[in-house]
Amino acid sequence: MNDLLQFISSRHSEILQIIWQHVYISFISVGAGFIVAIPLGIILTKFEKLSKYILGFVNIIQTIPSLALLGFMIPLLGIGVTPAISALFLYSLLPMLQNTYTGIKDVDPALTNAAKGMGMTELQILMKVEIPMAVSVIMSGFRTATIYTISWATLASLIGGGGLGYLVFTGLATSNNNMIIAGALGAVLLATLTEFLTRKLQFFATPKGLRK
Amino acid sequence: MITFRDVKKAYNKKEIIKGLNFTINEGELFVLIGPSGCGKTTTMKMINRLIDPSSGRIMIDDRDITEKNPVQLRRDIGYVIQQIGLFPHMTIAQNVALVPKLKKMKAAEFEKRVDELLTMVGLKPEEFKKRYPSELSGGQQQRVGVIRAMAANPSIILMDEPFSALDPISREQLQDELVKLQKTIKKTIVFVTHDMDEALKIADRICLLRDGEIVQLDTPENLLAHPANEFVIEFIGSKRLQQNLKVLKGYRDRDIEIPSEVAGNE
């Protein structure tokens, strides 16, 4: 234990930088995933036929083992931060896409019917009824995607993406237990903190009348 | 005034509305009733174009409803649906002010109206305006549902089994309130129900449908006194027929004779 603390205190500036790198690649990946998945999920609810293919395709990406997906990135994009972010971005799509799609599909048809009968246009129904009703489910997809990405980002160091995986894998290679534990501990703390923050975010994004 | 002229509706070649001709008068509480699958809800939804007829014409005040954009048409017709219908993510005030906002009425104008309407159905504005639907009882929610349909002051209100999900006591109360409300505001109300007691209690005229056709269209008194055929008698129920005739007779103080085929049919 003492060893570990000593290790951390002696290399704290390097560790902080690694944590920052980890946060950075995770955040960019999920952020890009969010920008793509949420609008796409919304659009798919209006195109039933297309949705089957797209959701199926994204599902297939999800089943590719993460190591293999990272491996695929090397011939395509080389090594470094960009291929790592690209792979993580692909992984983050499914939870958000799926939740956006189901969240909106699951809005009680009685409500959308009422909205239509009261004279809302299609766009108004989407913006004023369907999206607000689905926000909680959508944000829960965002939460899942973020936490997964944080944990998968550990593998990014394998293709030169850096992050906490660097400590874990270098520790493994050099039989430095302190280094492994510092890396693993960092990843766990980061994931826990993210869980807490995204839960708060989900709560505040949900319209007041729907909060539980 | 709403006029149906040879209105038919078919789904996949199966005709579910078979040529309806009738007129709903201004300020009338008109009840559409019949067994499930008779086309009562379809008939109602054709008035605000949630469903378009396959053939025939529907006119509101002698103007064909297809002349207007459906969205505009719906904003001018109040709509109350079965069960919930209130938007759970909006406050009571936001729910009631919805159509006025869609119609771009001024805030100052409709805010006063929201208060008036809430007061009218016995919900104190200062207490209820900022609450969410989940914080209200079923009866209170449906009161809000009814006044929401009136907020933009439409001359026609459509109600699709609005009270059927309520407990019997709230239902009775809301029926009484609706009749009272109707006397003061004088709107044309088209009310769909499958509950004959409800229809007899609130209707100015009842339109009994079966398989997409009108079986009988008459006042409650006449429906009870002169049921057109066996189906009408059966649908009303012979027991209820006798009881209600007596009640109506005493209540409305009219001369109603009990026809022999009803009287003898215990």
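What you see as residue numbers is a count from 1 along each chain, following the sequence as written. Lettering of chains starts at A and numbering of ligands starts at 1, both following the order in which they are written. Under the rules for a predicted model, residues below a pLDDT of 70 receive no local features and side-chain atom pairs below 80 are neither given nor counted, while totals for whole chains, interfaces and linings still include all residues. Where side-chain values are given, they derive from all heavy atoms of the structure, hydrogens and water being excluded.

Caption draft 1: Local environment of the overall build of chain A. Per the secondary structure count, chain A includes nine helices and zero strands. Strands here mean DSSP runs of E at least two residues long; helices mean DSSP runs of H or I at least four residues long; both are numbered from the N terminus. Its helices and strands taken in sequence order, chain A reads α-α-α-α-α-α-α-α-α from the N to the C terminus. Projected onto the principal axes, the alpha-carbon positions of chain A cover approximately 70 × 40 × 20 Å. Within the span of chain A, comprising 212 residues, buried residues form 45% of the whole. Expressed as a percentage of contacts within chain A between residues at least 6 apart in sequence, the contacts between residues at least 24 apart total 75%. Each accessible area is a Shrake-Rupley result for a 1.4 Å probe, and residues are judged covered by the shown protein chains and nothing else. Surface exposure of chain A reaches about 10900 Å², of which carbon and sulfur atoms provide 70%. Exposure categories follow from relative accessible area, calculated using a 1.4 Å probe and restricted to protein chains: below 20% of the type maximum is buried, above 50% is exposed, and the middle band is partly exposed. Any two residues whose heavy atoms approach within 4.5 Å at even a single point are treated as in contact.

Caption draft 2: Representation of the pattern of salt bridges. Residues and elements named next belong to chain B. When a carboxyl oxygen of Asp or Glu lies within 4 Å of a side-chain nitrogen of Lys or Arg, that pair is called a salt bridge. The full count for this structure, using the stated rule, is 16 salt bridges over all chains. Ionic pairing is found between Lys 201 and Asp 176, a salt bridge with its closest N-O pair at 3.1 Å. Of this pair, Lys 201 sits in helix 9 (residues 196–202) while Asp 176 is found in helix 8 (residues 168–185), placing the two residues 25 residues apart along the sequence. Residue classification places Lys 201 among the partly exposed positions, given a relative accessible area of 29%. Accessibility expressed as a relative area gives 40% for Asp 176, which makes it partly exposed.

Caption draft 3: Structural view of the packing of aromatic side chains. Side-chain rings of Phe, Tyr and Trp (the six-membered ring for Trp) are treated as a pair once their centres are within 6.5 Å; stacked means planes under 30 degrees apart, edge-to-face means over 60, and tilted covers the remaining angles. Tallied over the full model, the rule gives nine aromatic pairs over all chains. On the basis of an interplanar angle of 35° and a centroid distance of 4.6 Å, the ring pair of A:Tyr91 and A:Trp152 is categorised as tilted. On the criterion of sequence distance, the pair formed by A:Tyr91 in helix 5 (residues 81–105) and A:Trp152 in helix 7 (residues 122–152) is long-range, its members being 61 residues apart. The interplanar angle of 10° and the centroid separation of 5.4 Å between the aromatic rings of B:Phe22 and B:Phe30 together place this pair among those described as stacked. The pair formed by B:Phe22 and B:Phe30 is uniform in burial state, with each residue classed as buried.

Caption draft 4: Unusual backbone geometry, seen in detail. Residues and elements named next belong to chain B. Positive phi values are uncommon outside glycine, yet Lys 104 reaches one of about 60°. By secondary structure assignment, the location of Lys 104 is in the loop between helix 4 (98–102) and helix 5 (107–120). For Lys 104, a relative accessible area of 70% puts it in the exposed group. One non-glycine residue, Lys 186, lies in the positive phi region at around 55°.

Caption draft 5: Focus on the side chain of B:Glu161. All names here are of chain B. Examined against the element boundaries, Glu 161 turns out to sit in the loop between strand 7 (156–160) and helix 8. Here a polar contact is recorded for every N or O atom pair within 3.5 Å, except that within protein the pair must consist of a potential hydrogen donor and a potential acceptor, and residues adjacent in sequence are included only if both atoms are side-chain atoms. At 2.8 Å, the side chain of Glu 161 forms a polar contact with the side chain of His 194. If we skip the residues at most four places from it in the chain, Glu 161 touches Lys 40, Gln 82, Val 192, Thr 193 and His 194.

Caption draft 6: Geometry of helix 5 of chain B. Residues and elements named next belong to chain B. The span expected for a helix works out to 1.5 Å for each residue beyond the first. Its 14 residues place the ends of helix 5 20 Å apart at the C-alpha level, agreeing with the 20 Å of an ideal helix rising 1.5 Å per residue. The elements touched by buried residues of helix 5 are helix 3 (92–96), helix 4, helix 6 (125–128) and helix 7 (138–150). Trailing helix 5 by a residue or two, Gly 122 shows a phi angle of about 75°, which is positive.

Caption draft 7: Representation of the nonpolar core in the model. The nonpolar core is taken to be a set of buried Ala, Val, Leu, Ile, Met, Phe, Trp, Tyr and Cys residues, with the residues joined through side-chain atoms within 4.5 Å. Formed by 47 residues in total, the largest nonpolar core has its most connected members in B:Val31, B:Val96, B:Met159, B:Leu178, B:Phe191 and B:Ile206. For this core, the element with the most residues is helix 7 of chain B, which contributes five residues. The residues contacting B:Leu178, other than those within four sequence positions of it, are B:Leu29, B:Met159, B:Phe163, B:Ile189, B:Phe191 and B:Ile202. In this structure, A:Ala114, B:Ile60, B:Val99 and B:Leu209 belong to the second largest nonpolar core, which totals 43 residues.

Caption draft 8: Here's a closer look at helix 6 (residues 109–117) of chain A. Those residues of helix 6 of chain A not exposed but buried are A:Leu111, A:Thr112, A:Ala114, A:Ala115 and A:Gly117. Buried residues in helix 6 of chain A make contact with helix 7 of chain A together with helix 2 (70–75), strand 6 (77–80) and helix 7 of chain B. Where helix 6 of chain A starts, the residue carrying a side-chain oxygen 2.9 Å from the main-chain nitrogen of A:Ala110 turns out to be A:Asp108. Positive phi shows up at A:Gly119, right after helix 6 of chain A, with a value of about 100°.

Caption draft 9: Here's a closer look at the interface of chain B and chain A. Of the residues lining the interface, 21 residues belong to chain B; the matching set on chain A comes to 21 residues. Here the quantity called buried area is the accessible surface, traced with a 1.4 Å probe, that two parts lose on coming together, added over both. Overall, the association of chain B and chain A removes approximately 1800 Å² of surface from exposure, summing both partners, and the carbon and sulfur fraction of that is 71%. It is B:Phe87, B:His89 and B:Leu102 in chain B that bury the most area against chain A; as a group they hold 29% of the surface buried on that side. Between the two partners, chain B and chain A, sit zero salt bridges. Viewed at the interface, chain A and chain B are joined by three residue pairs in polar contact (both at pLDDT 80 or more). The residue inventory of the side of chain B that touches chain A, partitioned by class, reads 14 nonpolar, four polar and three charged. Residue polarity follows a fixed list, in which Ala, Val, Leu, Ile, Met, Phe, Trp, Tyr, Cys and Pro are nonpolar, Asp, Glu, Lys and Arg are charged, and the others, Gly among them, are polar.

Everything listed is a geometric property; what it means functionally is a separate question.
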